[in-house]
Each structure stands twice: as C-alpha cells, then as structure tokens.
Amino acid sequence: MTTPPQSHLAAPPAPPEGGSASQQSGLRSGLKNRHLSMIAVGGVIGAGLFVGSGSGIAAAGPGILLSYALVGALVVFVMRMLGEMAAANPTSGSFSAYADRALGRWAGFSIGWLYWFFWVVVLAVEATAGAAILTSWVPAVPQWAWALIVMVVLTASNLASVASFGEFEFWFAGIKVVAIAAFIVVGGLAIFGVLPGTGHAATGFGNLTSHGGFLPHGPSAILTGVLMVVFSFMGSEIVTLAAGESEDPERAVTKATKSVIWRVGIFYLGSILVVVSLLPWNDPSITKKGSYVAALDSIGIPHAGQIMNVIVLTAVLSCLNSGLYTASRMAFSLGQRGDAPKAFARTSARGVPQAAILASVLFGFIAVGFNYLWPTTVFQFLLNSSGAVALFVWLVICFSQLRMRGIILRENPDKLVVRMWLFPYLTWATIAMITFVLAYMLTDDSEGGGRIQVLLSVLLAVVVVGISLVRDRIGGGSDKTAGLSR
C-alpha cells in the first residue's frame, strides 16, 4: 500500500462563506431533506429483495433469517464507518474520495472506476428487467423499445436537475416503503389469524421449525444464504453521495447512518419473517411465484402477482434512477480529481454534470445491447466481472475509515459527529467478515457462481489498479487537485 502524498493529507479548503461545498463544486444543493430521507430508506430496498429472496429461502430454509441478519450487520457497520467520514466531509465522491485521501491516489482511482462500472452494468440489468415487465403488460411494444424508453426518460430527469432526480426517487422509494410496510402489517395480522375479511387461520410461528427444523440443510446453509442475499443490500451507500447536493449534508448523513439499523431490521428481517411464518420454507410456490406473491396468495389477496409486478417495476425504476445518478456523480468526482476526463467535472447551467451523465448512460445503452445480442457471453462476462465489486467497496470503506479517523481528529475533531462503535476492533472484525465472505464465494463453483465472480472481479480490479499505478509513475495525473473533491 503506497503512502499518499502529503498534499492529499492536507485539509481541503473551506468553501467561501455563504456557499456550500456542492455549490462551490458547480453542483447545486437541490435535494431537500425529504428527498435524502427517502433515498436513505429506499436505498436499502433493492429489487433483489422482491425477486431474489425466494431462492435464498429454498437454499437455507427459515435459517435465511440468520443470513439476512449477518449481511444486515455488515451493512450497518459499513454504513456507520462511511457515515463517520461523510458527516465530517460530505462529497459527491464519497468513499472514493475518502480512499483517495486516506489510502492513496491508486485507491481512490481504482474503487471509483470499479464502482462506476458496477452501476453502469446494473443499468443494463434493470432496464432489461423493467422492459420485460412492461412488455408483459403491453406486448405491442417490443422489449428493446421499452428499455430505450425507460432509459431515455430517466436520463432526461437526471439531466434536468438534481431536484428532478430527487423527486423521482422520492416517489419510487415511497412506493417501495409503503408496499413493504403494508406487506408486513397484512402478513402479521394473517400470522395471528386476525386479518379481517379473509378467514385465514392463524399460522403462528410453527413454520419456522416444523419442516425439518430451523436449519433443515444444516448450519452451512446460512453461509450459502449469505452469498445469495449479500448483493441485494447494495445501494445503501448512495445517500452519502447524494448528501453533498443536499441543503444540510451533515444532518442528512448523520440521520441516515443512525437509522440504518431499523431500516434493515424492518424491511429485510421483518418481511422475510412474515414469508417463512406464513408458508413452509419448502413450499414450491415460493420459488415458482416469488416469496412475496406466494405469501399474498396464501392469505387470499386477489391479483397478488400483478400487485407485486407493479412494486417490482417501481423498485427497478428506482434502481435505474439512483444507479444513473450514482454513476454520474462518481464520474464527476473522478473528473474533479483528475482521474477522468475533465469534461466529467463540468456542470451545466442547471448544476448537473451533463457529460458524466451522458457517458454513464451511453455505456448503459451499450451494455443493454450486449444483453440482447450476446446475453450468455459478453454480457455474462460484464455481470461476473462486476459481481464482487460491492464487497470490494465495503473493504475499501473499512480501510479508509481506519486512517480517516486519525485525520479527522487531528484536523477537524468537531466534525466527528458520527463515530464507529468499538473503534478500531469492530472495523477490523468487519474486514475479517467481508474477507471471509469473499473466500467462501470461491467455494461456489456453479456456473456464474461466486468463484467466477470473485476471480473476474479481482482480475478487473488488478487491471484498474495497474492502470492507476502506471499513470502515477509516468506523471499522468500530476495536475491533480489536492484534497477531496468538493
């Protein structure tokens, strides 16, 4: 690990009085507190929760609750670390900018580009998924056309203003939150046999243990479940990127960080508990229909499948919207720090990084084309090579926080308003947990499984780090601005 130049350890200059950091960078503080609050809540609820939980339940039985709890704990710890750094210095580059300062230019450059790559691949995945749902409703419009329409509409909203992005995300996330909350309430009433108008008999919590026990496939199934659910949590860190364009960044980050525990507990553990309590874990309808649709069907909710399709589409659009925003802001930050074309750091009259947005969506369009033309070759390679990036991001956040704590205490101790618990022991424990998950992924040799994802993601990371080190050696980034992006 290289030591960052002394100039990178210097405190970034404060913005002139009367101007926020985001305004001084060219971005506009257009996100309201209600936008940030809903982005924080909605960022935890990915489409994977709705469409992927059935496979996890089938693999681990009721023990999938422990899998979600373990990954949820990881997310809580990582978000606490990220919140500590982001509350002290909110920036559009978030963990990439903190890694740049704490670990060295190679780290900020590498994790920034890997994260950008992850999200532009996600754009293609979600655009295709959303188009498939829309085509099932309106078959006259081909699937590729729906993918194009969805991408164009959300690109337009991101280009319009950050407030436009925030408003779209507020309503998308709001629908997800209301849907999950309603599901938990309705399911909870059904579990105790008090759901009005259905005559559903109480199931209690007997299904947790009466079909082969709580761990029907043994304790190792918990780790198998971890591999199947870990990536559905990706997106919780988006609020720290968005905070730099909010009215009160420090307050927004602090609030989001402190609320992550109940968000994970209610939305993930609460909803999955309802599913495995209402239905035996080995009920074939869980994998055939999806866990939430199967649960709603079991208590006689009419049109459960169509209701869930609407909710899944909302989750997909939310992921697309926030993914485009996230990719563009990371590209913007890289441009500001001299690690991407300078055009990425320029903002339009409306305060949005137009070139960064267009470059991100262009790659997303190309990836969508790969998904249609070569779904099992080129696109599968893109998917696999980005598969472990989420875990790499979490590791970088951990290592950055280990060093940033000392920098913050030395330079701006009054900014340490969020503190990681049991520092540094819990930080090191989190690093060990993430490393273990990556190592366990190597034991999954199924087609498109964990082993190939880790190996290809590591290969991609080595290439990106190598490019960064070569750039530095030949002086390609000597004009890089000091300090964090602002």
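The paragraphs below set out a description of the structure included in this document. (Residues numbered from 1 in each chain as written. Predicted model: local features only at pLDDT ≥ 70, side-chain atom pairs only at ≥ 80, totals over all residues. Heavy atoms only, no water.)

At their nearest, the axes of helix α15 (residues 304-336) and helix α16 (residues 354-373) sit 8 Å apart, and the two run at 125° to each other. By the angle between their directions, the pair α15 and α16 is classed as oblique. In this structure, the crossing between α15 and α16 has a hand that is right-handed. Together, Leu324, Ala327, Ser328, Arg329, Ala331 and Phe332 of α15 and Ala356, Ile357, Ser360 and Val361 of α16 make up the contact between the two elements. (Axes fitted to C-alpha atoms, helices over the stretch in contact; angles between N-to-C directions. Helix = DSSP H or I, 4+ residues; strand = E, 2+ residues; numbered from the N terminus. Parallel < 35°, antiparallel > 145°, perpendicular 65-115°, else oblique. Left-handed = near helix turned anticlockwise from the far one by under 90°. Contact = heavy atoms within 4.5 Å.)

Our focus in this paragraph is the packing of aromatic side chains. A full pass over the atoms with the stated rule returns 19 aromatic pairs. Seen from their ring centres, tyrosine 68 and phenylalanine 233 are 6.2 Å apart, and the 50° between their planes marks the pair as tilted. Taken together, the residues span a long stretch of sequence, with tyrosine 68 in helix α5 (residues 64-88) and phenylalanine 233 in the loop between α10 (220-229) and α11 (238-242) at a distance of 165 residues. Like phenylalanine 233, tyrosine 68 is buried. (Phe/Tyr/Trp six-rings, centres within 6.5 Å; stacked < 30°, edge-to-face > 60°. Buried < 20%, exposed > 50% of the residue type's maximum accessible area, 1.4 Å probe, protein only.)

The next subject is the environment of proline 216. Within the secondary structure, proline 216 sits in the loop between α9 (162-191) and α10. Expressed as a C-alpha distance, the spacing of proline 216 and alanine 59, which sit 157 residues apart in the sequence, is 9.3 Å. With residues near it in sequence (within four places) discarded, proline 216 still touches Ala60, Gly61, Pro62, His211 and Trp281.

Turning to unusual backbone geometry, a few remarks are in order. The omega angle of the peptide bond from phenylalanine 423 to proline 424 is 0°, so this bond is cis rather than trans. By the secondary structure assignment, proline 424 is in the loop between α18 (389-411) and α19 (425-441). In this structure, leucine 422 takes a positive phi of about 50° despite not being glycine. With respect to the helices and strands, the residue leucine 422 is situated in the loop between α18 and α19.

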